[in-house]
Amino acid sequence: MSVLKKLATLMRSSVREIGESVVDANATRIYEQEILDAKHNVAQARGDLTGVMAKEMQSAREIERLRGEVARYEALALEALTKQQDTLAEEVAGRVDELELELNEQTKAHASYAVQVARLKELIKGAEAKIREHERQIVMAKTTESVYRATRSIADSVDGTGSKLLSAKESLERIRQRHEDLSDRMTAAEQLEREVGSKALEAKLAAAGIGPDADRRAGILARIRARAETSVASSEADKPAVSE
């Protein structure tokens, strides 16, 4: 039985941890929704306020009407007394009494409406101020989250062991290695061609003075030598004769 209790406790703990992780992961969205809910409640309160204010205005008009009726019937009672209509004056006085009772109730209602209006206005004003503050806070929270995301992204790209820049550097190094390998292969191929290919044979023939290249080189060298000899001979001929 104790094992089952422990398992049940473990399940409740797991559910709580999962719930907390979900809440933490969506804290900003929850905060925004709470602000929206508060704004909706304030809007409802404004609607209630307009209703109470309408009742206050209606009661004020009713008070003015009753006061007018009281004044009118009092004048009629006075006129009845003047004409010695005491019974009629008493009847009119009864009507004035009814009107004054109704006026008293309307006055109390009007005062109650006024108190409710003032209280609702104060509550709405305070609620709207708090909502504006929360809206500023949510903007700051979003900005802070953006900074954290950017910082984390930069840290992951630059400093992390599996960072993107590190991977890019490794990719560049692999490219360089491929280029170096290709260059070495081309150099080796050229060297091999010089040593054992057709170019190697041409080089050996040229070194032995065999082939068209050797003939051209020998002809060029002979032409240069002849030009040099001609230049020397001309210099000797231009020298003045030395008298004995």
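First, a word on scope: everything that follows refers to the structure included in this document.

What counts, and at which threshold
- Residues numbered from 1 in each chain as written.
- Predicted model: local features only at pLDDT ≥ 70, side-chain atom pairs only at ≥ 80, totals over all residues.
- Heavy atoms only, no water.
- Helix = DSSP H or I, 4+ residues; strand = E, 2+ residues; numbered from the N terminus.
- Buried < 20%, exposed > 50% of the residue type's maximum accessible area, 1.4 Å probe, protein only.
- Contact = heavy atoms within 4.5 Å.
- Areas by Shrake-Rupley, 256 points an atom, 1.4 Å probe, with all protein chains shown as cover.
- Core = buried A, V, L, I, M, F, W, Y, C linked by side-chain atoms within 4.5 Å.
- Salt bridge = Lys/Arg side-chain N within 4 Å of Asp/Glu carboxyl O.

## Concerning the overall build of the protein chain
Turning to step 1, where the next piece is worked out: Looking only at helices and strands, one finds six helices and zero strands in the protein chain.
Turning to step 2, where the next piece is worked out: Across the protein chain, helices and strands are ordered from the amino to the carboxyl terminus as α-α-α-α-α-α.
Turning to step 3, where the next piece is worked out: When burial is assessed residue by residue, the protein chain has 12% of its 244 residues classed as buried.
Turning to step 4, where the next piece is worked out: A separation of at least 24 residues holds for 72% of the contacts in the protein chain among residues at least 6 apart in sequence.
Turning to step 5, where the next piece is worked out: On the protein chain, roughly 19500 Å² of surface is accessible, and the fraction owed to carbon and sulfur atoms is 58%.

## Regarding the nonpolar core
Turning to step 1, where the next piece is worked out: If you look at the biggest cluster of nonpolar residues, it comprises ten residues: Ile35, Val42, Ala45, Leu49, Val52, Val117, Leu120, Ile124, Ile131 and Ile138.
Turning to step 2, where the next piece is worked out: Counting residues per element, the ones that place at least two in this core are helix H2 (27-82) and helix H3 (86-158).
Turning to step 3, where the next piece is worked out: Leave out the neighbours within four places in its chain, and Ile124 touches Val42, Ala45, Arg46 and Leu49.
Turning to step 4, where the next piece is worked out: By size, the runner-up hydrophobic cluster in this structure holds nine residues, among which are Ile63, Tyr73, Val92 and Leu99.

## A word on unusual backbone geometry
Turning to step 1, where the next piece is worked out: Although it is not a glycine, Gln84 sits at a positive phi angle of roughly 60°.
Turning to step 2, where the next piece is worked out: Accessibility expressed as a relative area gives 69% for Gln84, which makes it exposed.

## Notes on the pattern of salt bridges
Turning to step 1, where the next piece is worked out: Overall, the coordinates contain eight salt bridges when judged by the stated rule.
Turning to step 2, where the next piece is worked out: The partner of Lys39 in a salt bridge is Glu135, and the shortest N-O contact between them spans 3.1 Å. Linking Lys39 in helix H2 with Glu135 in helix H3, this pair joins segments that are 96 residues apart in sequence.
Turning to step 3, where the next piece is worked out: Residue Glu135 is classed as partly exposed on the basis of its relative accessible area, which comes to 28%.
Turning to step 4, where the next piece is worked out: A salt bridge links Arg67 to Glu64, with the nearest nitrogen and oxygen atoms 3.4 Å apart. With Arg67 and Glu64 both in helix H2 and three residues apart, the pair spans about one turn of that helix.
Turning to step 5, where the next piece is worked out: Given the relative accessible area of 51%, Glu64 is considered exposed.

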